[in-house]
Amino acid sequence: MISIQELLKQEAQKACKNLFGEESLTAAINVGITNKEFEGDYTVVVFPLVRFSKLSPEKTGEALGTYLKENTDYINDFNVVKGFLNLRLTAAFWIKNLEERSQKKELTIFSAKKEKVLLEYCGPNTNKPLHIGHLRNMLLGFSVSEILKETGSDVTKVNIYNDRGIAICKSMAAYIERGNGETPESSGIKGDHFVGDYYVMFGRIVEEQLRAKYKVSGEENVFKAIGKDREIAEQETPIFELAKKLLLQWEANDEYAVNLWKRMNGWVYDGFKKTFDVLGVDFEKDYFESETYKLGKDIIDEGVAKQVIYKRVDDAMAIDLTADGLDEKVLLRSDGTSIYITQDLGTAKLRHDEFKMDKMIYVVANEQDYHFKVLKLALQKLGKKWADGIYHLSYALVESPTGRFKSREGKTADADDLIAEVLRIAEEKTKEHGKIEDFTAEDAQALYKTIGLGALKFFILRVNPFKKIIFNPEESIDFHGQTGPFIQYTHARIKSVIRKANIASLTLNQQTELSETERQIIQQLSEFENILIDAAAKYDPSEVANYLYNLSKLYNKFYNESPIIAAKSEDEKTLRIALSSITARTIAKGMKLLGIEVPEKM
RNA sequence: CGCUCCUUAGUUCAACGGAUAGAAUAGAAGUUUCCUAAACUUUAGAUACAGGUUCGAUUCCUGUAGGAGCGACCA
């Protein structure tokens, strides 16, 4: 279906051709929604047309407006202000638009693009619980995939677990030293936190052992006292030796080390799964670094054969990207073992062999912009056509007002804690309002979850991905104003009215009068498809989030100024119900694309 | 040193190169015999700085200042 803006654009182009001649078609005709302060629905900017009309901006606008009014049946009126032609469409046009919308079973219809998209998101390390950064990643990844699906792509969501390496071995070492056979079950601690706690404990053991070795008292900062950084100093400790030994054993497939590794990672996956379920995110396929970390060497060989990759004097394999403004990049260590980029090259190829996708989207923080530039470019240089479809959906970090959240400093940025906190607030606020006395305890819990997560998800998704989010853990997430609960409330409010209105037919009378706000709502509703197309093209859910907020805001204004059930006439009542109903459906649909549920009552 | 990104009310976010820069929140003042007041109405408050391109610049270009990230045979 063609959008109204597109329709007007074409109409204006035809008009210009007739009025000012063929060549005026080369001018970009700019149609936008009219600003609130002016009279009109859509605005054509006439400045670019002046050189063809050879008239003043005002005269050009007048000419175009007159022509459009005479040659269409839906343009009611126009005015020209300083080179802006404001067009007013007829009420009948808007009512017809509303009616068509209300009769469609699906709010939006997009033809399938048959584009196969693989979207990787989340990517946790198994030695630490999920934090607020993962939250942004997951909410973004999930929402983008929903939006892409909605607009016609075939999306497969995958996760990659960074499940091997020295980090998890540190947790294992600490567990061997201090675990005493405890398990998440015996301690009642969620699996990922359980293992994460031992990672933290590893750090403490390092400090203890250094204090003992250098006789530093408990008061002083031990690293300052001995004048070494943690990364250097820890290597002198027995606990680090143990971790390193475990890593070597693991790589040698030693039974003890592998079993412990499996056991501890198993706890972590159980813990992660709980968080994924609460958030409502999922993956069609899991990848594990432990299974892919040796991949990519065949690609290096291929590159050598093609003379794209070469062996340096120090035996490391490298690729020269200086012609593209990047540096020389080592792709394989001189001892022949792989590094991060090696396995990413291999994994990319593996996935392409497996899925033959057109696009591969990596949802990864902007710290890795350079890495993904290299990855894509290297694959392209190797002649992989499909590398053109690689896209790094880069997002900025979530920071506290004082800067980056440090995993070492307390739990302020922990995902599970944050979720628990918003659920608690949702419960508290809901009880304050006291509108759900008739709910069962189970339904009430479900509602707290809907509202709490709605607040959290909207808080994160409303911000443009490439802009950093400042989150102050001292102040809790808001439930009033520009928030998820505001939109959810609008939905519940509409549902309540519709339940009470008890109306069967939604046949509209096109002669009904429209208020300014009603007109704006219908116009806003008609923009929904455009917003989705835009959001999909930019991989940006914040467009949807802001749209839904504006729609809800407009609706609440309308709700306050116009009686619905007690409208003056039946026609008016039917129109307002139809308007309300489609607004609710649009909100529900849009929120679903953000991964947010909407309640019938709250 | 080089490259990339960011800088808009006290604070958190908006604004295809378009009109008098929108919201929210915090502040002040109002609205509930009526459909859900988690709402609505009124009020005050911002484009880091200096140039340039343009009919028109928060947006594009150059420079300056401030912040972040990257430039690993770490991930």
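What counts and what doesn't
Residues numbered from 1 in each chain as written. Chains lettered and ligands numbered in written order. Predicted model: local features only at pLDDT ≥ 70, side-chain atom pairs only at ≥ 80, totals over all residues. Heavy atoms only, no water. Helix = DSSP H or I, 4+ residues; strand = E, 2+ residues; numbered from the N terminus. Buried < 20%, exposed > 50% of the residue type's maximum accessible area, 1.4 Å probe, protein only. Polar contact = N/O pair within 3.5 Å; in protein donor to acceptor, adjacent residues only side chain to side chain. Contact = heavy atoms within 4.5 Å. Pairing = 2+ DSSP bridges. Near = heavy atom within 4 Å. Nonpolar A, V, L, I, M, F, W, Y, C, P; charged D, E, K, R; others polar. Phe/Tyr/Trp six-rings, centres within 6.5 Å; stacked < 30°, edge-to-face > 60°. Lys NZ or Arg CZ within 6 Å of the ring centre and 35° of its normal. Salt bridge = Lys/Arg side-chain N within 4 Å of Asp/Glu carboxyl O. Expected span 1.5 Å × (residues − 1). pLDDT = per-residue confidence, 0-100. Axes fitted to C-alpha atoms, helices over the stretch in contact; angles between N-to-C directions. Parallel < 35°, antiparallel > 145°, perpendicular 65-115°, else oblique. Left-handed = near helix turned anticlockwise from the far one by under 90°.

Student: Describe the side chain of Ser153, listing the residues and the values that go with them.
Tutor: Mapped onto the elements of the fold, Ser153 is located in the loop between helix H5 (132–150) and strand E6 (154–161). Residue classification places Ser153 among the buried residues on the basis of a relative accessible area of 8%. Among the polar contacts made by the side chain of Ser153, one reaches the side chain of Glu115 at a distance of 3.3 Å. Beyond its immediate stretch of four places on either side in the chain, Ser153 contacts Lys113, Glu115, Val117 and Leu148.

Student: Please provide a residue-by-residue account of the environment of Phe110, values included.
Tutor: Among the secondary structure elements, Phe110 is positioned in the loop between helix H4 (91–103) and strand E5 (116–120). Separated by 98 residues in the primary sequence, Phe110 and Glu208 place their C-alpha atoms 62 Å from one another. The contacts of Phe110, once residues within four sequence positions are left out, are Glu150, Thr151, Glu529, Leu532 and Ile533.

Student: Residue-level account of the sheet that holds strand E15 (residues 469–470), with values.
Tutor: Reading across the sheet, the three strands line up as E14-E13-E15 and stay open at both edges, with mixed pairing between neighbours. The sheet is open, and its two borders are formed by strand E14 (403–404) and E15, each paired with just one other strand.

Student: Tell me about the protein's contact with RNA strand B, and name the residues and values.
Tutor: Residues in contact with RNA strand B amount to 63 residues; listed here are only the nearest, Asn30, Asp314, Lys435, Tyr489 and Arg493. Taking the atoms of RNA strand B that fall within 4 Å of the protein, sugar and phosphate contribute 61% of them. Note that a phosphate oxygen of RNA strand B is positioned 3.4 Å from one of the backbone N or O atoms of Lys468. A distance of 3.0 Å separates a base nitrogen of RNA strand B from a polar backbone atom of Ile564. When residues of the surface near RNA strand B are traced back to their parent elements, those giving at least two are strand E2 (42–45), strand E4 (84–89), helix H17 (415–433), E15, helix H19 (484–501) and helix H22 (542–561). The greatest single-element share of the surface near RNA strand B, amounting to seven residues, is contributed by H19. Partitioned by chemical class, the residues of the surface near RNA strand B number 26 nonpolar, 15 polar and 22 charged.

Student: Let's hear about the packing of aromatic side chains: which residues, and what values?
Tutor: Counted under the stated rule, the structure contains 26 aromatic pairs. For the pair Phe486 and Tyr549, a centre-to-centre distance of 5.4 Å together with 50 degrees between the ring planes defines the contact as tilted. Taken together, the positions of Phe486 in helix H19 and Tyr549 in helix H22 put the pair 63 residues apart, joining distant regions of the chain. Taken individually, Phe486 and Tyr549 each receive the classification buried, so the pair is uniform in this respect. Site record: aromatic cluster; members linked through ring pairs are Tyr121, Tyr161, Tyr269, Phe272, Phe276, Phe283 and Phe288. Positioned over the ring face of Tyr293 is Arg164, at 4.0 Å from the centre of the ring.

Student: Can you explain the pattern of salt bridges? Please cite residues and give values.
Tutor: If you walk through the whole model with that rule in mind, you get 45 salt bridges. A salt bridge links Glu11 to Lys14; the nearest nitrogen and oxygen atoms lie 3.4 Å apart. Taken as a pair, Glu11 and Lys14 lie in helix H1 (residues 4–20) at a separation of three residues, close to a single helical turn. Taking the relative accessible area as the measure of exposure, Glu11 reaches 15% and is therefore buried. The partner of Arg424 in a salt bridge is Glu421, with the nearest N and O atoms 3.3 Å apart. Of the two residues, Arg424 and Glu421 are both situated in helix H17; the distance of three residues between them amounts to about one turn of the helix.

Student: I'd like to hear about H17, residue by residue, with values.
Tutor: Taking 1.5 Å of rise per residue, the 19 residues of H17 would be expected to cover 27 Å, and the 27 Å separating its terminal C-alpha atoms lies within 8% of that figure. On its buried face, H17 is in contact with H5, helix H8 (191–214), helix H12 (255–279) and helix H18 (441–461). Capping of H17 at its N-terminal end is provided by Asp414; its side-chain oxygen lies 3.0 Å from the backbone amide nitrogen of Asp416. Trailing H17 by a residue or two, Gly434 shows a phi angle of about 55 degrees, which is positive.

Student: With reference to specific residues and values, describe the side chain of His352.
Tutor: Structurally, His352 can be placed in helix H15 (residues 340–355). Beyond its immediate chain neighbours, meaning those up to four positions away, His352 contacts Met357 and Trp386.

Student: So what's going on with the environment of Ser542? Residues and values would help.
Tutor: Relative to the assigned elements, Ser542 resides in helix H22. The contact partners of Ser542, leaving out residues within four places of it in the chain, are Leu461, Arg462, Val463, Asn464 and Pro465.

Student: Summarise the confidence of the model for chain A; cite the residues concerned and give the values.
Tutor: On average, chain A scores 93 in pLDDT, and the residues at 70 or more come to 99%. Here the complex is predicted with pTM 0.95, and the ipTM for its interfaces comes to 0.96.

Student: An account of the pairing of E5 is needed here, citing residue identities and associated values.
Tutor: In terms of burial, E5 is a largely internal element, four of the five residues being buried. Taken together, the four bridges between E5 and strand E11 (residues 359–365) define a ladder with parallel strand orientation. Counterpart to Val117 in the pairing with E11 is Lys359.

Student: Describe the packing of H17 against H18, listing the residues and the values that go with them.
Tutor: Across the interface, H17 lies against H18 with an axial gap of 8 Å and an inter-helix angle of 120 degrees. By the angle between their directions, the pair H17 and H18 is classed as oblique. Pair H17 / H18 crosses with right-handed handedness. In contact with Leu418, Ile419, Val422, Leu423, Ala426, Glu427, Thr430 and Lys431 of H17, H18 contributes Leu447, Tyr448, Lys449, Ile451, Gly452, Leu453 and Leu456. Tallied by class, residues from the contact of H17 with H18 come to ten nonpolar, two polar and three charged.

Student: I'd like a description of the sheet that holds strand E1 (residues 30–33), backed by residues and values.
Tutor: Pairing within the open sheet is antiparallel, and its four strands lie in the order E1-E2-E4-E3. The sheet terminates laterally at E1 and strand E3 (75–81), the two strands that pair on one side only. Recorded for the sheet is a direction-independent mean angle of 25 degrees between the axes of neighbouring strands. Two strands pair when backbone bridges link them, and E1 and E2 are joined in this way by four bridges, in the antiparallel orientation. Among the inter-strand pairings, Val31 is bridged to a residue of E2, identified as Val44. Its contacts with the sheet put H1 on E1, E2, E3 and E4, and the angle it makes with E1 is roughly 145 degrees.

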